[in-house]
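These are the residues of each chain, in order.
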Amino acid sequence: MPMDSVDVKIINLSGMELPAYGTPMAAGMDVRAALAEPLALKPLQRTLVPTGLRIQLPEGYECQIRPRSGLALKHGVTVANAPGTIDADYRGEIGIILINLSDETFVINPGERIAQMVVAPYSRVQWRLAESLDDSQRGDGGFGHTGLN
């Protein structure tokens, strides 16, 4: 089954390659750090890493910035506000808020893949005030109510 595609305008001032899918069926594109020199991220430090990218999404689409699982597992480095959302009307440079949750300094090198970008359609909500909600099997069961562990 062919996948949908969407045209997105992009300005690349980074000198790096454009975000790209790592495999034919990947949902996320790797995004690179647009740094002039390596940047040391100390334990529990967070920083805004520039990408040099500006995009123009079509109306009805968003771009999510998500952590790279390899960075999170191997180095404890993740996206602080995961997922970060880029709205269709934002035209500024995309910055990635990284945080180092490990106990060792992590060095971000120029051009290093630091996050994933997923472009997807979204729906807008029209609220309808109500006095009650339909019953469901879960009801008002909260956190952890379905598990036995």
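So, here's what we can say about the structure. Predicted model, so just to flag it, every value in this text is computed and none were measured.

About the cut-offs
Residues numbered from 1 in each chain as written. Predicted model: local features only at pLDDT ≥ 70, side-chain atom pairs only at ≥ 80, totals over all residues. Heavy atoms only, no water. Salt bridge = Lys/Arg side-chain N within 4 Å of Asp/Glu carboxyl O. Helix = DSSP H or I, 4+ residues; strand = E, 2+ residues; numbered from the N terminus. Buried < 20%, exposed > 50% of the residue type's maximum accessible area, 1.4 Å probe, protein only. Pairing = 2+ DSSP bridges. Core = buried A, V, L, I, M, F, W, Y, C linked by side-chain atoms within 4.5 Å. Contact = heavy atoms within 4.5 Å.

**Quick look at the pattern of salt bridges**
Then step 1. A complete count under the given rule lists three salt bridges for this structure.
Then step 2. Residue Arg-32 pairs with Glu-17 through a salt bridge whose shortest N-O separation is 3.8 Å. Taken together, the residues span a long stretch of sequence, with Arg-32 in strand S3 (residues 29–32) and Glu-17 in the loop between strand S1 (9–12) and strand S2 (20–21) at a distance of 15 residues.
Then step 3. Classification of Arg-32 by relative accessible area gives partly exposed; the value is 23%.
Then step 4. Between Arg-113 and Asp-30 there is a salt bridge whose closest N-O contact spans 3.0 Å. Within this pair, whereas Arg-113 is found in strand S12 (residues 113–121), its partner Asp-30 is found in strand S3, the two being separated by 83 residues in sequence.
Then step 5. Since its relative accessible area comes to 14%, Asp-30 is described here as buried.
Then step 6. Residues joined by salt bridges that share partners form a network here, namely Asp-30, Arg-68 and Arg-113.

**Describing the pairing of strand S7 (residues 61–66)**
Then step 1. The pairing of S7 with S12 spans six bridges and is antiparallel. The residue of S12 that forms the bridge with Tyr-61 is Pro-121.
Then step 2. By the bridge criterion, three bridges tie S7 to strand S9 (residues 84–86) in an arrangement that is antiparallel. From the neighbouring strand, Cys-63 faces S9, where its bridge partner is Ile-86.

**Here's the deal with the nonpolar core**
Then step 1. Ranked by internal contacts, the top residues of the largest apolar core, which has 24 residues, are Ile-65, Ile-94, Ile-96, Leu-98, Ile-108 and Ile-114.
Then step 2. Contributions of two or more residues to this core are made by S3, strand S6 (53–56), S7, strand S8 (77–79), strand S10 (95–100), strand S11 (106–108) and S12.
Then step 3. If you tally residues by element for this core, the top one is S12, at three residues.
Then step 4. Among all residues touching Ile-65, those that are not within four sequence positions of it are Val-79, Ala-82, Pro-83, Gly-84, Ile-86, Ile-94, Ile-96, Ala-115, Gln-116 and Met-117.

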